[in-house]
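Observations on chain architecture
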Amino acid sequence: MCERNFMTDSNQYFDEMLREAGLPRQPYEAYFNWFKNEDLKTLRRKSAEAESFFRRIGITFNVYGQDEADERLIPFDIVPRVISAKEWRTLERGIEQRVRAINAFLHDIYHRQEILRAGRIPKEIIAGNEAFLSEMVGMKPPGGVYTHIVGTDLVRTGENEFYVLEDNARTPSGVSYMLENRETMLQMFPELFTQLKVRPVSAYPQLLRRSLADSCPDNSPNAKPVVAVLTPGIHNSAYFEHAFLADQMGVELVESTDLRVEDGFVSMRTTRGYQPIDVLYRRVDDDYLDPLTFNPDSMLGVPGIMDVYRAGNITIANAPGTGIADDKALYSYMPDIVEFYTGEQAILKNVPTWRCSEEDSLKYVLDNLADLVVKEVHGSGGYGMLVGPAASKKEIAAFERKLRARPANYIAQPTLSLSTVPILTKAGLAPRHVDLRPFVLVSPNRVDITPGGLTRVALKKGSLVVNSSQGGGTKDTWVLGD
Amino acid sequence: MMLGKTAGGLFWMFRYLERAENTARLLEAGWHIALTRADGASNEWQSIISTAGMNAAYLEKYDSYDAGQVINFMLRDKDNPSSVMTAITAARNNGRLVRTALSSEVWEATNECWMVLKDLLSRPVTERAMHDILTQIRFRTSVVRGALHGTMLRNDIFAFSRLGTFIERADNTARILDVKYYVLLPSAAFVGSSIDNAQWEVILRSVSAERSFRWLHGGESTPATISNFLILDGRMPRSLAFCAKRIGENLKHLEMEYEAREESHVQADALCHRINAHSVDTIFEEGLHEFLSSFIADNAKLAAHIEEDFRFYG
């Protein structure tokens, strides 16, 4: 393929593959040399093959409110995102530090609340926060772990500039894409994997199972820990992932209708009667977990599971109430939280954040709306946010009214110059903005970070929104070995 | 041991797959008659609808048994729970539900079967497309069956899948015979004589057995030989005796694996014994229609016991 096919935008953004047109950065050298000798048509055909592969295995997501005819694929781009061994070592250390701090914070905030006493974060932020579950106060989860599974969202803006965008300490999703994307790349480009030392990600399901089993309650009635995945059901947008993980771990995939509380345990209805579950990896939100404790209308949970939990007879992963750790109102305090519990400076940076609840910040935000990203404190998935530079005057004005009405409901951040990685387009490579979600497993005695993760990519030129619900795609993420 | 819901999902997944195949076979038989008989075959189209037990639903939409209408009703009508598309969709949905119990080959074959047929059946089916579509249905469902046999452990998962297949198949064969029982009745005028060619051909074709029947019985197609073949011949994979035997075997497997004998085991043994105790003569003495109706009822009762004994539902 000839050079003029490599489109480069202005140098405004850090491109992870190319230093300048035709000149790859070191981690991408081998891939780029391979790519140069490939024919664009063949690669485009491979791209179409990947899509039919995804359809056949059924890795689709349902769109809420639409019928089953609308099972959609998340678009997959065949150009990998490459991370060098050195870059990964830093990320790994930073993520582990952060995840340990989050677990220490959760234990503290539901017990002695030392961090509030020390005045490091304001009491009101916890007191008035819906993500803080009073039901968890004084309650120690079996094994002592709060967030068994974390998906830390990272963005990059320069050579060594990584920021944590969100901590996703509730029920991070997307790990099935990490695994299936790799599977697809292995099938399509086996030669690349023999040439490059790409670290495997395939151990994740076994690590997940071990990690969950390690958090088994002490007084389990079973000979071996019985683990199950709780899904809201076949119509949930992430059902594929729930089934995929249960299958890969070799554990049962259960729904509310399979479960009941019996003799002090949560048990599943099997062909031979009810069997107690030790560890429930639930993909159901706190609110729906137990109609007797939380939302009484929930059909997705297990009535009485919180009583079993309080008695120490089941491990719920992640623990209820972990949402307080990834709440956007708390995000700006993360560097303090890391320092408070680990005694070290945070290795990974936080994005500078203005809390609109504070008068000075609000003033600054209002004056600079056109340049900022403003997010709802409790929002997720890219909904309900304002991307200043991309918004029209009308949109900004409308948002300003909302912001003035409920300032405490918002935080603002500078528009980050997210790094780009090229995707394959009809015309060849073209840079698009990306983020990265590595997956972290926490058990009572260890933290495992799978080398890789989910790279989400905004497929629209210039777009900074990578969410799949907003037209984003994914890439395979290659962490290189030493 | 497995989730009751999963056992139920497997059972129904394979019932629906079998149903889709059976519906396609029925249609193929009717289609063949329509093409080869000068006097038309509107009676055949009607009996296809009757065999599927869909008379009421059909008559709600149409007032005549037109080939095109019947074909589309049986292949792709969403209001018809036995149409190929409805059955394949239900099979696939159950497959998604029990994804963790299936090998990836079985799941992918099921998903691909659904994708291909969804595409083929997204538009009204023309006569010209019939051959292709029927071939695809046969081919795609065979791939699922092949994957099941080639890749699944022979454990309770397999047993529940097979139970679904044979319960559905037994029901289907019994219905085909029951709809045509009047043809097989040895009325005074016809005793010992060959029955109407077209009629027995439909019966045999709709269970894909015209060739094997010819191998075994040559030209002798009497009510007795056909009834014997489809009810009592243990070599014929769609006969009632064959299905009952397989149901019994799969339940036996569960009895051994779970070390528990349930009501469904008792019922299945009774079903087998009843068939084995009969000859064609005693069946005709009892009355073919009576025999078939009570078989259909017993088979349905057995299915209900399986659902209950193995806790398919909460």
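The coordinates are above.
Right, let's walk through the structure included here.

1. A look at the interface of chain B and chain A
On the side of chain A, 18 residues touch chain B, which itself brings 20 residues to the contact. The element contributing the most residues to the side of chain B that touches chain A is helix α6 (residues 104-120) of chain B, with four residues. Grouping the amino acids of the side of chain B that touches chain A by side-chain chemistry returns eight nonpolar, five polar and seven charged.

2. Side note on the packing of α6(B) against helix α7 (residues 127-151) of chain B
Residue and element names in this part refer to chain B. The interhelical angle for the contact between α6 and α7, taken along N-to-C directions, is 170 degrees, at an axis separation of 8 Å. One element, α6, and the other, α7, form an angle in the roughly antiparallel class. Residue-level contacts link E105, V106, A109, T110, C113, V116, L117 and L120 of α6 to I133, Q136, I137, R140, T141, V143, V144, A147, L148 and T151 of α7. Class assignment for the residues of the contact of α6 with α7 results in 12 nonpolar, four polar and two charged.

3. Re the nonpolar core
Ranked by internal contacts, the top residues of the largest apolar core, which has 212 residues, are A228(A), V266(A), L280(A) and V84(B). The leading source of residues in this core is helix α1 (residues 4-36) of chain B, at 15 residues. Setting aside residues up to four positions removed in sequence, V84(B) forms contacts with A20(B), T23(B), A24(B), M74(B), L75(B), L117(B) and I137(B).

4. Notes on helix α14 (residues 263-277) of chain B
All names here are of chain B. The end-to-end C-alpha separation of α14 is 21 Å, in line with the 21 Å expected for 15 residues at 1.5 Å each. Within α14, burial applies to S264, Q267, A268, L271 and I275. Projected down its long axis, α14 shows its buried positions confined to an angular sector of 100 degrees, all on one face. Seen from the buried face of α14, the exposed residues on the opposite side, beyond 90 degrees, are H273 and A277. Buried residues along α14 sit in contact with α12 (223-232), α13 (240-258) and α16 (288-309).

5. Concerning unusual backbone geometry
For the bond running from A317(A) to N318(A), omega is -10 degrees, close enough to zero to count as cis. Take N318(A): it is sitting in the loop between β15 (315-317) and α12 (328-331). In this structure, S208(B) takes a positive phi of about 50 degrees despite not being glycine. Within the element layout of this structure, S208(B) appears in the loop between α10 (197-205) and α11 (210-217). What makes S208(B) partly exposed here is the crowd of 16 C-beta atoms within 10 Å. The phi angle at E259(B) is positive, at roughly 50 degrees, despite the residue not being glycine. Note that E259(B) resides in the loop between α13 and α14.

6. Thoughts on the pairing of strand β9 (residues 227-230) of chain A
Residue and element names in this part refer to chain A. In β9, alternate side chains face the same way, and those of V227 and V229 on one face and A228 and L230 on the other are all buried. Bridging between β9 and strand β14 (residues 279-282) involves four bridges; their strand directions are parallel. Following the sheet pairing, V229 is matched in β14 by Y281. Bridge count between β9 and strand β10 (residues 252-254): three bridges; the pairing is parallel. The partner of A228 across the bridge, within β10, is E252. With helix α9 (residues 239-249) bridging β9 and the parallel β10, this β-α-β connection has right-handed handedness.

Rules used throughout
Residues numbered from 1 in each chain as written. Chains lettered and ligands numbered in written order. Predicted model: local features only at pLDDT ≥ 70, side-chain atom pairs only at ≥ 80, totals over all residues. Contact = placed C-beta atoms within 7 Å. Helix = DSSP H or I, 4+ residues; strand = E, 2+ residues; numbered from the N terminus. Nonpolar A, V, L, I, M, F, W, Y, C, P; charged D, E, K, R; others polar. Axes fitted to C-alpha atoms, helices over the stretch in contact; angles between N-to-C directions. Parallel < 35°, antiparallel > 145°, perpendicular 65-115°, else oblique. Core = buried A, V, L, I, M, F, W, Y, C linked by C-beta atoms within 7 Å. Buried ≥ 20, exposed ≤ 12 C-beta atoms within 10 Å, placed from the backbone. Expected span 1.5 Å × (residues − 1). Arc of directions from axis to C-beta. Pairing = 2+ DSSP bridges. Right-handed = clockwise from strand over helix to strand, strands pointing away.

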